[in-house]
Amino acid sequence: MQPVCTIRRHKARTQKTGASRGHTLIELVTVIVIIGILAGLAVPRFFDNQVFEEAGFYEEVASALRYGQKIAVGSGCPVRVSITAGGYELKQQAASGNRCDPADSTWAVPVLLPDGQAAAGSTPAGITLTPVATYQYDGLGQTDLGSDLTVSIGALSMTVQAQSGYVLTP
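Residues numbered from 1 in each chain as written. Predicted model: local features only at pLDDT ≥ 70, side-chain atom pairs only at ≥ 80, totals over all residues. Heavy atoms only, no water.

> Looking at this structure, I do not really get the pattern of salt bridges. What am I missing?
Pairs can form between side chains of opposite charge whenever their charged atoms are close. Summed over all chains, the structure comprises one salt bridge. Here Glu-89 ties to Lys-91 by a salt bridge, and the two come within 3.9 Å at their closest N and O atoms. Overall, Glu-89 belongs to the partly exposed group, its relative accessible area being 33%. (Salt bridge = Lys/Arg side-chain N within 4 Å of Asp/Glu carboxyl O. Buried < 20%, exposed > 50% of the residue type's maximum accessible area, 1.4 Å probe, protein only.)

> How should unusual backbone geometry be read in this particular structure?
Outside of glycine, negative phi angles account for most residues, and trans bonds account for most peptide bonds. Cis geometry marks the peptide bond from Thr-130 to Pro-131; its omega dihedral reads -5°. With respect to the helices, strands and loops of the structure, Pro-131 is situated in the loop between β7 (129–130) and β8 (133–137). A positive phi angle, near 50°, is found at Trp-107, a position not held by glycine. Along the chain, the position of Trp-107 falls in the loop between β4 (99–100) and β5 (109–110). (Helix = DSSP H or I, 4+ residues; strand = E, 2+ residues; numbered from the N terminus.)

> Help me out: how do you make sense of the packing of aromatic side chains in this one?
In this description, an aromatic ring pair is defined by two values, namely the gap between the centres and the angle between the planes. A full pass over the atoms with the stated rule returns two aromatic pairs. When the ring of Phe-57 is compared with that of Tyr-88, the centres are 6.2 Å apart and the planes differ by 45°; the resulting orientation is tilted. Here Tyr-88 lies in strand β2 (residues 87–92) and Phe-57 lies in helix α2 (residues 50–75), a separation of 31 residues in the sequence. One exposure class covers both Phe-57 and Tyr-88, and it is buried. When the ring of Tyr-135 is compared with that of Tyr-137, the centres are 5.3 Å apart and the planes differ by 75°; the resulting orientation is edge-to-face. Side by side, Tyr-135 and Tyr-137 carry an identical accessibility label, which is buried. (Phe/Tyr/Trp six-rings, centres within 6.5 Å; stacked < 30°, edge-to-face > 60°.)

> I tried to follow the nonpolar core on my own but got confused; where do I start?
In a soluble, globular protein the nonpolar side chains are often hidden away together inside. Grouped together as the largest cluster of nonpolar side chains are 27 residues, with contacts concentrated most on Leu-65, Leu-90, Tyr-135, Tyr-137, Ile-153, Met-158 and Val-160. If you list the elements that add at least two residues to this core, you get α2, β1 (79–84), β2, β8, β9 (149–153) and β10 (156–160). Considering each element in turn, this core owes the most residues, seven residues, to α2. Ignoring anything within four residues of it in the chain, the contact list for Leu-90 reads Ala-64, Gly-68, Val-79, Arg-80, Val-81, Pro-110, Val-111 and Ala-119. (Core = buried A, V, L, I, M, F, W, Y, C linked by side-chain atoms within 4.5 Å. Contact = heavy atoms within 4.5 Å.)

> Even after reading the chapter, I still don't get α2, so can you show me in this structure?
Three- or four-residue spacings in an α-helix give side chains the same orientation, since the helix completes a turn every 3.6 residues. In this model α2 runs 37 Å from its N-terminal to its C-terminal C-alpha over 26 residues, within 8% of the 38 Å that 1.5 Å per residue would give. The set of residues buried in α2 consists of Glu-54, Phe-57, Tyr-58, Val-61, Ala-62, Ala-64, Leu-65, Gly-68, Gln-69 and Ala-72. Positive backbone phi, at 80°, marks Gly-76, one or two positions downstream of α2. (Expected span 1.5 Å × (residues − 1).)

What is shown is where atoms sit, not what they do.
Pasting the structure below:
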């Protein structure tokens, strides 16, 4: 019996030109030049972090002012906030027995943060902190300010409300 149909198998032929196709020197140089241009534009943005420092210091000051108000309410002793071009600090009157001494005018006791450090900070280089001001939070959290105080840090600003002591940030 003879097969009705014969199937022939052929091996697929691959043609090689001798050398594998790669990237030319011109293509490689072009890519390197493009990467260099992009790096030249992007890298300076990573090193100019003044905007981030300004925002970070702004949040630090707002947090410190709010913390000072909470300490005054919690302890019943006034907290003095001093803001200068060089930074800020929070202090309390010295203790007399188990209470604060209202006769103490030195305000020598620094308000301590939960980690044990003094609630104070220095203005980073190139950033402005205005205005120079000193005010107090009383045991009810109110200030002795005659009117609202706007504190500016670079382009950012916050308001300390005179009546309530609330620190208003946008």
